[in-house]
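Results of the structural survey
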Amino acid sequence: MDGIWGDDSASSAAAASTAAVAPDMAAAQETATVAKLYNAALTDLNGGSLKSALKQFGEVERQYPYSSYATQAILMQAYIAYKLAKWDDAVNAANRYITLHPGGKDVGYAYYLAAVCNYDQIGNTKHDQSSTKKALEALQEVAQRFPDTPYAADATQKVLVARDHLAGKEMEVGRYYYRQGAYLAGINRFKTVVTDYRNTSQTPEALYRLTEGYMALGVVSEAQTAAAVLGANYPQSQWYRDAYTLVSNDGLSPEASKESWISKAFDAVNPL
C-alpha cells in the first residue's frame, strides 16, 4: 500500500491504521473471575452442597450485578432456596428476577417457581388454606401467561389439586355445621363446592349433603333436585345411592327442578 496516496504520508497512515483499539483487559479479567465464581457455585449445586452453592450464587449477584451471570444467579438462588424449603427466600429471589428482567427468557420459570413455593406449603384441609389460595391464583397466572411452556402444563395439573384442597376445606366446615344442627350454614358451604369447585372429587358428596340438608329443613324440591343432579352426573357413585335411599324413604324420587340453583349451576359453562 506504500505510495498509494502519492506522497510519504502513506507510510504514516498505514502504520496508524494497524493500531487497533486495545480490548478492555480489566473487563476481560472480570468476566473470567465471575465465570469462575459462577461455575464453582454450579459445581457445588451439582454436588449437593446446596448451602454453599446458594452463598456463592449470591456473591455472583452481589459482586457483578450487571453481568449476564448475575441474571442467571438470581434464578439459581430462587431454585436452591426452594430446594431448601426456604419459601420466602425463594419467592423473593423469583420476584427480584421478575422485577429486574420482566422480558427475560426465563421469566415464566420465575413466576412458576414462586407459585410452586406456595403450592408446596399446602397442608391438609384442617389447616388454614391461605397458601392454597395464593398458589391457585399464581398457578392460574402461569398457565394463562405462558401457555406453551412446560411450566404451564405442570401448573395446570397443580391447579386441579389446589382446587380440590379448597373444596375439601369447604366440605369439612360444612360437615361440622351439620353435626351442630346448623343445616343452613352447612348448605352454604356445600353450595360453594358445587358452584365454585364443581369439577373436583368433592362434588358428589357435596350434592349428597345438599340432599341431606334440604330434607332436614323440609325443602323437598331442592333435595329432590340435588339427588337427581347427583344421579345424572355420578350415577355409579355411592353418594347417589345414599341420596336416592334418603329421598325415597319419604316416598319421593329424585326429580330435578329447572328453577333450582343446583340445576342452573350444572347447566352453566364452567371454564375449569
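Because the structure is a prediction, the values reported are computed rather than measured.

**Section: the overall build of the protein chain**
When helices and strands are counted, the protein chain shows 13 helices and zero strands. Reading the protein chain from its N end, one meets helices and strands in the order α-α-α-α-α-α-α-α-α-α-α-α-α. Counting contacts in the protein chain only where the partners sit at least 6 residues apart, residues at least 24 apart contribute 58% of the total. Of the roughly 15,100 Å² that the protein chain leaves accessible, carbon and sulfur atoms contribute 51%.

**Notes on helix α7 (residues 130-145)**
Taking 1.5 Å per residue, 16 residues should reach 22 Å; α7 reaches 23 Å between its end C-alpha atoms and fits that length. By the burial criterion, the buried members of α7 are S131, T132, A135, L136, A138, L139 and V142. The inward-facing, buried residues of α7 contact α6 (107-119) and α8 (150-179).

**Quick word on the packing of helix α9 (residues 183-196) against helix α10 (residues 203-217)**
Remark: α9 packs on α10, axes separated minimally by 9 Å, with the N-to-C direction vectors making an angle of 150 degrees. In terms of their interaxial angle, α9 and α10 are classed as roughly antiparallel. With respect to the hand of their crossing, α9 and α10 are arranged in left-handed fashion. Facing Y183, L184, I187, F190, K191, V193 and V194 of α9, the residues of α10 in contact are T203, A206, L207, R209, L210, G213, Y214, A216 and L217.

**Thoughts on the pattern of salt bridges**
Applying the stated rule across the entire model yields nine salt bridges. Salt-bridge contacts for R175 lead to E205; the nearest nitrogen and oxygen are separated by 2.8 Å. Taken together, the residues R175 in helix α8 and E205 in helix α10 connect sequence positions 30 residues apart. Here R175 falls in the partly exposed class, since its relative accessible area comes to 26%. Among the salt bridges present, the one from R209 reaches E205, with a minimum N-O distance of 3.1 Å. Within this pair, R209 and its partner E205 are both found in helix α10, separated by four residues, close to a single helical turn. For the pair R209 and E205, a shared accessibility class is recorded, and that class is buried. Shared partners join several salt bridges into a network, and the residues in it are R175, E205, R209 and E212.

**Quick word on α10**
Counted at 1.5 Å a residue, the expected span for α10 with its 15 residues is 21 Å, and the 21 Å between its end C-alpha atoms agrees. Of all 15 residues making up α10, twelve are buried, and the element is well covered by its neighbours. All of the buried residues in α10 are T203, P204, E205, A206, L207, Y208, R209, L210, T211, G213, Y214 and M215. Contacts made by the buried residues of α10 are with α8, α9, α11 (220-233), α12 (238-248) and α13 (261-267).

**Side note on the packing of aromatic side chains**
Per the stated rule, a full pass over the model turns up twelve aromatic pairs. Counting every residue linked through ring pairs, the aromatic cluster contains Y38, F57 and Y69. The positively charged end of K158 is found above the aromatic ring belonging to Y119, 5.3 Å away from the centroid.

**Brief notes about the nonpolar core**
Of all hydrophobic cores here, the largest spans 53 residues; its most connected members are L139, V194, L207, L210, Y214, W261 and I262. Among the elements that make up this core, the one with the highest residue count is α6 (ten residues). With residues near it in sequence (within four places) discarded, V194 still touches A206, L207, L210, W261, A265 and F266. With 13 residues, the next largest nonpolar core counts A41, L45, A53 and M76 among its residues.

**Structural notes on the confidence of the model for the protein chain**
Low-pLDDT stretches of the model should not have their predicted coordinates read in fine detail. Here the protein chain averages 87 in pLDDT, and 86% of its residues register 70 or above. Overall, residues 1-18 carries pLDDT values under 50, and its contacts beyond four positions in sequence, including any with other chains, amount to six contacts.

**Observations concerning the environment of T195**
Topologically, T195 is positioned in helix α9. When its relative accessible area of 39% is taken as the criterion, T195 is described as partly exposed. Measuring from C-alpha to C-alpha, the distance between T195 and I262 comes to 8.3 Å, with 67 residues separating the pair along the chain. Discounting residues that sit within four places of it in the chain, T195 has contacts with W261 and A265.

**Brief notes about the packing of helix α4 (residues 68-83) against helix α5 (residues 87-100)**
Their axes nearest at 7 Å, the elements α4 and α5 cross at an angle of 155 degrees. In this view, α4 runs roughly antiparallel relative to α5, as classed from their interaxial angle. Considering how the two elements wind past one another, α4 and α5 form a crossing that is left-handed. On α5, the residues touching T71, I74, L75, Q77, A78, A81 and Y82 of α4 are W87, D89, A90, A93, A94, R96, Y97 and L100. Along the lines of polarity and charge, the residues of the contact of α4 with α5 split into eleven nonpolar, two polar and two charged.

Reading guide: rules and limits
- Residues numbered from 1 in each chain as written.
- Predicted model: local features only at pLDDT ≥ 70, side-chain atom pairs only at ≥ 80, totals over all residues.
- Heavy atoms only, no water.
- Helix = DSSP H or I, 4+ residues; strand = E, 2+ residues; numbered from the N terminus.
- Contact = heavy atoms within 4.5 Å.
- Areas by Shrake-Rupley, 256 points an atom, 1.4 Å probe, with all protein chains shown as cover.
- Expected span 1.5 Å × (residues − 1).
- Buried < 20%, exposed > 50% of the residue type's maximum accessible area, 1.4 Å probe, protein only.
- Axes fitted to C-alpha atoms, helices over the stretch in contact; angles between N-to-C directions.
- Parallel < 35°, antiparallel > 145°, perpendicular 65-115°, else oblique.
- Left-handed = near helix turned anticlockwise from the far one by under 90°.
- Salt bridge = Lys/Arg side-chain N within 4 Å of Asp/Glu carboxyl O.
- Phe/Tyr/Trp six-rings, centres within 6.5 Å; stacked < 30°, edge-to-face > 60°.
- Lys NZ or Arg CZ within 6 Å of the ring centre and 35° of its normal.
- Core = buried A, V, L, I, M, F, W, Y, C linked by side-chain atoms within 4.5 Å.
- pLDDT = per-residue confidence, 0-100.
- Nonpolar A, V, L, I, M, F, W, Y, C, P; charged D, E, K, R; others polar.

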